[in-house]
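Residues per chain are reported as follows:
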Amino acid sequence: MTVFNHQDGERLQINGALIYYEQKGNQNGPALVFLHGGLGNMETFNKITPHLGKTYRLIGIDSQGQGGSTLGISPLTYRRIQEDVEAVIQHLGLANASVIGHSDGGIVALRLAASGATWIDKIITIGAHWALSVDDPTREMYASITATDWRDMFPEEVDRYLALNPEPNFERLLAMVRLLWLDDSEEGYPGETVRSISASLLVVRGDEDQLVSRANAVELADRVAAAKLLNMPFADHSVQESQPDRLLPMLDEFLQV
């Protein structure tokens, strides 16, 4: 079964951190890069990787400090995660790849595409903000979240982090990720730079997503020339986990066009 398992990957030294990545699926197929959401890891895509792995060379990357990757000494920003991904792509010698990014991973995917990266073929974002306005209610939630809160809400995720990470320190990681979420600088959300994206983009949002509003998803799709919007009814923030059977036909069609 083609799933990410944190057993047979490699770590690459990048900017003072060890970035963990795995390769699965059809090694002769087109490359498809997976970028996970905040405080998660590549395993969050495992309900869609068995199907996609029949066609694509799957590359999962754990963001700095999360999953099997260590946290460097510099502040954690979307730009830094972007640079980590670029370094892995260069290390693997990929000339072309498509990217699927969930939440924080989708934000990084948008930054990559907006930067003019020539290796990007297509982008799929799932539950990802392109910008976080000062009055977005999600901002207040991000500002108040604590390590204890996260443990209470997602105990299995924290236990998995503690088991996977070579240098676990959940309190420090949560503090760094909270700053990442609230970052208004040029190293944060891509904002209006998404208008420069020329790659084909599929914006996926669950209609019951409590973090990313319907308006935010529509605004993103409206700003990218080659964008399509998939707003899935009765689905939550993590469509790839909660509605994989409904999502996969749309991913197949988008990636194969």
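One structure accompanies this document, and this report is about it.

Calculation criteria
- Residues numbered from 1 in each chain as written.
- Predicted model: local features only at pLDDT ≥ 70, side-chain atom pairs only at ≥ 80, totals over all residues.
- Heavy atoms only, no water.
- Pairing = 2+ DSSP bridges.
- Helix = DSSP H or I, 4+ residues; strand = E, 2+ residues; numbered from the N terminus.
- Buried < 20%, exposed > 50% of the residue type's maximum accessible area, 1.4 Å probe, protein only.
- Arc of directions from axis to C-beta.
- Contact = heavy atoms within 4.5 Å.
- Salt bridge = Lys/Arg side-chain N within 4 Å of Asp/Glu carboxyl O.

## Here's the deal with the pairing of strand E2 (residues 17–25)
Here strand E1 (residues 10–14) runs beside E2; their pairing, made up of five bridges, is antiparallel. Residue pairing for E2: glutamine 13 is matched across the bridge by leucine 18. Remark: two residues form the turn of the hairpin made by E1 and E2, two consecutive strands paired antiparallel; asparagine 15 in that turn has positive phi of roughly 50 degrees. Inspection of the sheet shows E2 paired to strand E4 (residues 57–61) by five bridges, in the antiparallel sense. Opposite glutamate 22, over in E4, you have glycine 60 as the bridge partner.

## Considerations on helix H6 (residues 155–164)
Regarding H6, the residues found buried are Val158, Tyr161 and Leu164. All buried residues of H6 project into a common sector of 135 degrees when viewed along the axis, lining one side. Residues of H6 that are exposed and point over 90 degrees away from its buried face: Glu156, Asp159 and Ala163. On its buried face, H6 is in contact with E1, helix H5 (147–153) and helix H7 (170–182).

## Some points on the pattern of salt bridges
Inspection of the entire model under this criterion finds ten salt bridges. Between arginine 139 and aspartate 184 there is a salt bridge whose closest N-O contact spans 3.0 Å. With arginine 139 in helix H4 (residues 137–144) and aspartate 184 in the loop between H7 and strand E7 (200–206), this residue pair connects regions lying 45 residues apart in the sequence. Judged by its relative accessible area of 57%, aspartate 184 is exposed. Its salt-bridge partner being glutamate 171, residue arginine 151 comes within 2.4 Å of it at the nearest N-O pair. Of this pair, arginine 151 sits in helix H5 while glutamate 171 sits in helix H7, and the two are 20 residues apart along the sequence. On the accessibility criterion, arginine 151 (31% relative accessible area) is partly exposed. With a relative accessible area of 43%, glutamate 171 lands in the partly exposed category. Among the charged side chains, a salt-bridge network with shared partners connects Arg79, Glu83 and Glu187.

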